[in-house]
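# Descriptive analysis of the structure
Now for the letters of each chain:
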Amino acid sequence: MKDESVVLIVDDVASNVEVLANILKDEYQIKIAQSGEKAIELALRAPLPDIILLDIEMPSMDGFEVLKALRGNSVTKDIPVIFVTSHDATAQEEKGLQEGAVDYITKPIRPIIVKARIKTHLIIKEQRDELVYAASHDQLTGLYNRHHLNEEGGRKFSRALRYQDRLSVIMLDIDHFKKINDTYGHLVGDNVLREVSVLFNTHKRNEDFASRFGGEEFVILLDNCALEDAVYKAEIIRKSIESLMPENILVTASFGVAELSYAHSNFEELLKDADTALYEAKESGRNKVVAFYE
Ligand SMILES: [Mg+2]
C-alpha cells in the first residue's frame, strides 16, 4: 500500500467525524466534509481520496445522492465508498450496495471493525489499480502497450476529427536491433529499450502519448500537432537517441511521421501511413526521419 492513503470522512455531525478521524488519523491522511456537496468537492480535489466513509443521513444531499454523483464522474467513479449509518436496516444496506458502495458500517462505530474494513478495501483497490495498470502498460519499458495505443489512438482520432484538431503520429524503430541482441545478449538489448524509452518521456508534452508498439518499435501520438512540428520533434528524438549511447553502444533509430487528414477513416489508417514513411526511412539508409505526404 502506498505510504499514506487518503480517507475522506463525510458526516453532517461533527462528533461523528471526530470519532472516525481519531480512529484513523495515525494511519491515514484524513479529509473531512460535513455535507454531501462538500464531499463531492473534496473528492475531486488533490490529494484525491483513496476511500470514502459516507454517512447516509445528511440534510440537503444524502449519502445515496453523493454516491450517485461520485459514480457519475470519471475522476471519482472508482473510489471505494463505505456507507456509515446509524440504522441497522437491511433495506438501506441493500440499496447502498446495489448503487455501488463497497461496504457498510453501522454506528456506533467500533474502531477495530472500521480499521479492518478500510484496510481490506484499500488492498482490493490497490490490486485492481495494479491490474488496470498492467493491462495498459508495457512491462519492460513502463510505456503504454499496443492494446492501449489502439484504444487511445481511436479516441484521439475521433476527437480530433470532431473538433477539427490536428493529430500527428511518430512511429520509430531502433536500427539493427536484432544485431544488438545477437551481439550483446537480450539483457543488454532490454536495457537499450528501457533507456531509449526514457527519452520519449523526457521529450514529451503532457498531452503526448508514448507507447511500445512491439519489439523495438514505438509509437508517439501528438495532439494538436501539425506534420512539420511532429517531424521537428522526431528529429530531436532521433538526435538524442544517437547521442544516448545506452550500454555504451551506438544506437540509432528510423522514424516515420504522419498527420491525420480526411483521407483517413480510422486510426489504423493513420498509423499505416506513419509505418509507410518509417519503411521508407529504413530503405533509404536508416537513422533519419521521413514524413508521409498524401
Ligand atoms: Mg448524519
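Residues numbered from 1 in each chain as written. Predicted model: local features only at pLDDT ≥ 70, side-chain atom pairs only at ≥ 80, totals over all residues. Heavy atoms only, no water.

A few words on the pattern of salt bridges. The full count for this structure, using the stated rule, is 23 salt bridges. Linking Lys282 and Asp175 is a salt bridge whose minimum nitrogen-to-oxygen distance equals 3.0 Å. In this pair, Lys282 is assigned in helix α10 (residues 267-283) and Asp175 in the loop between β6 (167-174) and α7 (177-184), connecting sequence segments 107 residues apart. The buried category is assigned to Lys282, whose relative accessible area is 15%. (Salt bridge = Lys/Arg side-chain N within 4 Å of Asp/Glu carboxyl O. Helix = DSSP H or I, 4+ residues; strand = E, 2+ residues; numbered from the N terminus. Buried < 20%, exposed > 50% of the residue type's maximum accessible area, 1.4 Å probe, protein only.)

Strands sit in the order β2-β1-β3-β4-β5 across an open sheet of five strands; the sheet is parallel. Every interior strand has two partners, whereas the edge strands, β2 (29-33) and β5 (103-106), have only one. The mean angle between the axes of side-by-side strands here comes to 20°, regardless of whether they run parallel or antiparallel. Alignment of strand β4 (residues 81-85) against β5, held across four bridges, turns out to be parallel. When the bridges of β5 are listed, Thr85 appears paired with Thr106. In the packing of helix α1 (residues 14-24) onto the sheet, contacts are made with β1 (6-10), β2 and β3 (51-55), and the angle to β1 comes to roughly 165°. (Pairing = 2+ DSSP bridges. Axes fitted to C-alpha atoms, helices over the stretch in contact; angles between N-to-C directions. Contact = heavy atoms within 4.5 Å.)

Under the domain assignment used here, the protein contains domain 1 (6-136) and domain 2 (146-291). Relative placement of domain 1 and domain 2: their C-alpha centres are 42 Å apart. (Domains from an automatic or database assignment.)

This next bit is on the nonpolar core. Generally speaking, a soluble globular protein has its nonpolar side chains buried in company with each other. Among the nonpolar cores identified, the biggest contains 29 residues, and Ile170, Leu172, Val192, Phe200, Ile220, Ile241 and Phe255 are the most heavily contacted of them. Where this core is concerned, the elements lending two or more residues are β6, α7, α8 (186-203), β8 (217-223), α9 (227-242) and β9 (253-259). Counting residues per element, this core draws most heavily on α8, at six residues. Ala39, Ala43, Met61 and Val81 belong to the second-largest nonpolar core, a separate cluster that totals 21 residues. (Core = buried A, V, L, I, M, F, W, Y, C linked by side-chain atoms within 4.5 Å.)

Ala46 connects to Pro47 through a cis peptide bond whose omega is -5°. The topology assignment puts Pro47 in the loop between α2 (36-43) and β3. Residue Pro108 follows Lys107 across a cis peptide bond; omega there is 0°. Considering the arrangement of structural elements, one finds Pro108 in the loop between β5 and α5 (111-136).

Looking now at the pairing of β6. By the criterion of burial, β6 is predominantly enclosed, with eight of the eight residues buried. Here β6 shows a buried face lined by Leu167, Val169, Met171 and Asp173 and a second buried face lined by Ser168, Ile170, Leu172 and Ile174. Pairing analysis gives seven bridges linking β6 to β8, with the strands arranged antiparallel. If you follow Asp173 over to β8, its bridge partner there is Glu217. Pairing between β6 and β9: seven bridges, direction antiparallel. Following the sheet pairing, Leu172 is matched in β9 by Phe255.

It is the rolling of a water-molecule-sized probe over the atoms that shows where space remains empty. Each pocket or cavity is described by its volume, and for the largest pocket that value is around 360 Å³. Surrounding the largest pocket, 13 residues form its lining, Ser74, Val75, Asp78, Lys125 and Asp129 being those nearest its centre. For the lining of the largest pocket, the per-class residue count stands at five nonpolar, two polar and six charged. Lining the second largest pocket are Asp175, His176, Lys179, Ile180, Thr183, Tyr184, Ile249, Leu250, Val251 and Thr252. A breakdown of the residues in the lining of the second largest pocket according to their chemical character gives five nonpolar, three polar and two charged. (1 Å grid on protein atoms, 1.4 Å probe; cavity = no way out; pocket = protein on both sides within 12 Å on 5 of 7 lines; lining within 4 Å. Points joined across faces, edges and corners; volume = space filled by probe spheres on them. Nonpolar A, V, L, I, M, F, W, Y, C, P; charged D, E, K, R; others polar.)

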